[in-house]
Amino acid sequence: MNPDPETNVRKRIVTIIGARPQFIKSAPVSHALTAEGIQEYLLHTGQHYDYGMSQVFFDELGIQEPDINLSVGSGTHAKQTAEMLAGIEQVLLHEQPDGIIVYGDTNSTLAGALAAAKLDIPITHIEAGLRSYNRAMPEEINRVLTDHCAELLFCPTQTAVSNLRKEGITRGVHFVGDVMYDSALHYAELASSRTHIVNEHRLTPGKYLLATIHRPYNTDDPSRLNSILCALSELDETVILPVHPRMKHKIAQYGSLIKEFPDSNLIMIDPVSYLDMLILEKNSKMILTDSGGVQKEAYFFGVPCLTLRTETEWIETLEGGWNRLVQVDSTSILDAVHQEIDYPPRLPVFGDGNASRLIADILSRS
Ligand code: UD1
Ligand code: UDP
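Calculation rules
Residues numbered from 1 in each chain as written. Chains lettered and ligands numbered in written order. Predicted model: local features only at pLDDT ≥ 70, side-chain atom pairs only at ≥ 80, totals over all residues. Heavy atoms only, no water. Near = heavy atom within 4 Å. Polar contact = N/O pair within 3.5 Å; in protein donor to acceptor, adjacent residues only side chain to side chain. Areas by Shrake-Rupley, 256 points an atom, 1.4 Å probe, with all protein chains shown as cover. Helix = DSSP H or I, 4+ residues; strand = E, 2+ residues; numbered from the N terminus. Nonpolar A, V, L, I, M, F, W, Y, C, P; charged D, E, K, R; others polar. Pairing = 2+ DSSP bridges. Contact = heavy atoms within 4.5 Å. Axes fitted to C-alpha atoms, helices over the stretch in contact; angles between N-to-C directions. Parallel < 35°, antiparallel > 145°, perpendicular 65-115°, else oblique. Phe/Tyr/Trp six-rings, centres within 6.5 Å; stacked < 30°, edge-to-face > 60°. Buried < 20%, exposed > 50% of the residue type's maximum accessible area, 1.4 Å probe, protein only. Lys NZ or Arg CZ within 6 Å of the ring centre and 35° of its normal.

Points about the site of ligand 1
So, point 1. Of all residues adjacent to ligand 1, which total 19 residues, the nearest are His48, Tyr49, Asn107, Glu139 and Arg246.
So, point 2. The side chain of His214 places a nitrogen or oxygen atom 2.9 Å from an oxygen atom of ligand 1.
So, point 3. If ligand 1 stood free it would expose 740 Å²; the protein chains cover 88% of that surface.
So, point 4. Counting only elements with at least two residues in the shell around ligand 1, the list comes to α3 (77-95) and α11 (245-254).
So, point 5. Here the shell around ligand 1 takes 3 residues from α11, the largest share from any one element.
So, point 6. When the residues that make up the shell around ligand 1 are grouped by side-chain class, the tally is 4 nonpolar, 10 polar and 5 charged.

A short note on the sheet that holds strand β1 (residues 11-17)
So, point 1. One open sheet accounts for 7 strands, arranged β3-β2-β1-β4-β5-β6-β7; its pairing is parallel. At either margin of the open sheet sits one strand with a lone partner, and together these are β3 (68-69) and β7 (173-175).
So, point 2. Packed on one face of the sheet, helix α5 (residues 138-149) meets β4 (99-103), β5 (123-126) and β6 (152-155) and runs near 135 degrees to β5.

Observations concerning the site of ligand 2
So, point 1. Residues in contact with ligand 2 amount to 19 residues; listed here are only the nearest, Arg215, Val272, Ser291, Gly293 and Glu297.
So, point 2. A distance of 2.9 Å separates an oxygen atom of ligand 2 from a polar atom in the side chain of Arg20.
So, point 3. Ser291 has a polar side-chain atom sitting 2.7 Å from an oxygen atom of ligand 2.
So, point 4. If ligand 2 stood free it would expose 540 Å²; the protein chains cover 95% of that surface.
So, point 5. Contributions of two or more residues to the shell around ligand 2 are made by α1 (20-35), α12 (274-282) and α13 (292-301).
So, point 6. For the shell around ligand 2, the leading source of residues is α13, giving 4 residues.
So, point 7. Split by residue class, the shell around ligand 2 holds 10 nonpolar, 5 polar and 4 charged.

Quick word on the sheet that holds strand β8 (residues 209-212)
So, point 1. A sheet is described by the order of its strands in space; here 6 strands give the open sequence β10-β9-β8-β11-β12-β13, paired in parallel fashion. Each of the sheet's edge strands pairs with one partner strand only, and the pair in question is β10 (266-269) and β13 (323-325). Averaged over all pairs of adjacent strands, the angle between their axes in this sheet comes to 20 degrees, without regard to strand direction.
So, point 2. In the sheet, strand β11 (residues 286-289) pairs with strand β12 (residues 305-307) via 3 bridges, with the strands oriented parallel. Across the sheet, Leu288 pairs through a bridge with Leu306, a residue of β12.
So, point 3. Contacts from α12 reach β8, β9 (239-242) and β11, with the element oriented near 130 degrees to β8.
So, point 4. Helix-sheet contacts for α13 involve β8, β11, β12 and β13, and the interaxial angle to β11 is about 165 degrees.

Considering the packing of helix α10 (residues 222-234) against α11
So, point 1. Packing of α10 against α11 brings their axes to within 11 Å, and their N-to-C directions diverge by 110 degrees. With respect to α11, the axis of α10 lies roughly perpendicular. Residue-level inspection shows Pro222, Leu225 and Leu229 of α10 in contact with α11, the latter providing Met247, Lys250, Ile251 and Tyr254.

A look at the packing of aromatic side chains
So, point 1. Scanning the model with the defined rule gives 8 aromatic pairs in all.
So, point 2. With 5.9 Å between their ring centres and 75 degrees between their planes, Tyr187 and Tyr274 make a pair best called edge-to-face. Separated by 87 residues along the polypeptide, Tyr187 in helix α7 (residues 179-194) and Tyr274 in helix α12 bring together distant segments of the chain. By the burial criterion, Tyr187 is buried, and Tyr274 matches it.
So, point 3. Ring geometry for Phe300 against Phe350: centres 5.4 Å apart, planes inclined by 80 degrees, an arrangement best described as edge-to-face. Highlighted residues: Phe300 in helix α13 and Phe350 in the loop between α14 (330-338) and α15 (355-365), separated in sequence by 50 residues.
So, point 4. On the basis of relative accessibility, which here comes to 4%, the residue Phe350 falls in the buried class.
So, point 5. Over the ring of Tyr217 we find Arg224, and its NZ or CZ is 3.9 Å from the ring centre.
So, point 6. Positioned above the aromatic ring of Trp322 is the side chain of Arg346, whose terminal nitrogen or guanidinium carbon lies 5.4 Å from the ring centre.

Following this line, the structure appears as structure tokens:
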């Protein structure tokens, strides 16, 4: 499409985001779209709404404020997704965009893709082709369905491209690298001069561990959650744990089923901003997580990672033991922390930090 001579706008896109990692993924892409003359209407579903899970990222990363926030909030999968669908449809009918962009695999992703598909609006899926092959994960359903509705599929890894090929999806597929790598490179540089989180918590760089836990598999079973917290509290080193609201609510709900650890080295804090998180990651000795994004950031920064899950979508990070899948019980976690590993050099499997620019370029020409 030629640019509108009056506005210089080549294309109008509605971007649909709603959960913490989507604010982080969209930041570099939004900047690249603007540079390409693509006008973006930002729709926030309201899936995440606490200041520390949402607004902090807009304030810190220089993302434009959402044009609309549907304020859908929390709920069961069906209720949450259905409310998003109805709200997104209204916006798409009103805005009549040339296309939509969705990220990752949350309920906001699926709702955006379904609403657009029914209106025959082309869908761009960023972080396409990821698979855990575990259909018990709500995210697996969300990503499979989104990929099968999408016209343009931007893959962060070659594994993602081959996962799509196995499902017969080859048209519109592009390997561009990971937009989270773009974000991490850009914002880590900024973060070093802007945050004081390491001093604030009296952490010694290279001597503490960082943990994050939010998957229902780990939080929604009291004995599994308890065994994770027991393991973290038994370590000699300091462990800093920014607590995701899902985990916070579950700890409160389970009451005495979860032990208290008054004399341990475990520091539980509220979720932190992205710049603080990058600095916590870079300076940690090891990361324990079930987060997709945090596993990758550990790899980007060369920090060994233990993933408290039975599988990962990011299989490249397992190479050489940089990331290890660990059975979720106290003994297995403690054994894995103490295992000595000779780490080989890491491979540049997530692109070269230019994924966002490649995406904007392909979108402007499509
Ligand atoms: C969601 C995504 C998951 C993603 C994660 C990123 C789905 C199905 N899951 O999981 O893929 O990895 O976001 O963090 O889309 N809550 C608050 N305040 C908030 C947000 C949530 O208190 O701002 C609490 C509510 O009790 C809510 C619970 O956290 O019920 C879970 O939130 P929800 O968005 O449903 O799922 P997440 O576990 O955050
Ligand atoms: N993150 C953050 N503050 C925190 C915990 C995580 O900014 O307290 C960032 C983290 O650096 C990564 C992203 O949030 O970029 C990962 O989001 P999350 O773990 O919620 O979701 P997932 O990646 O598992 O979908």
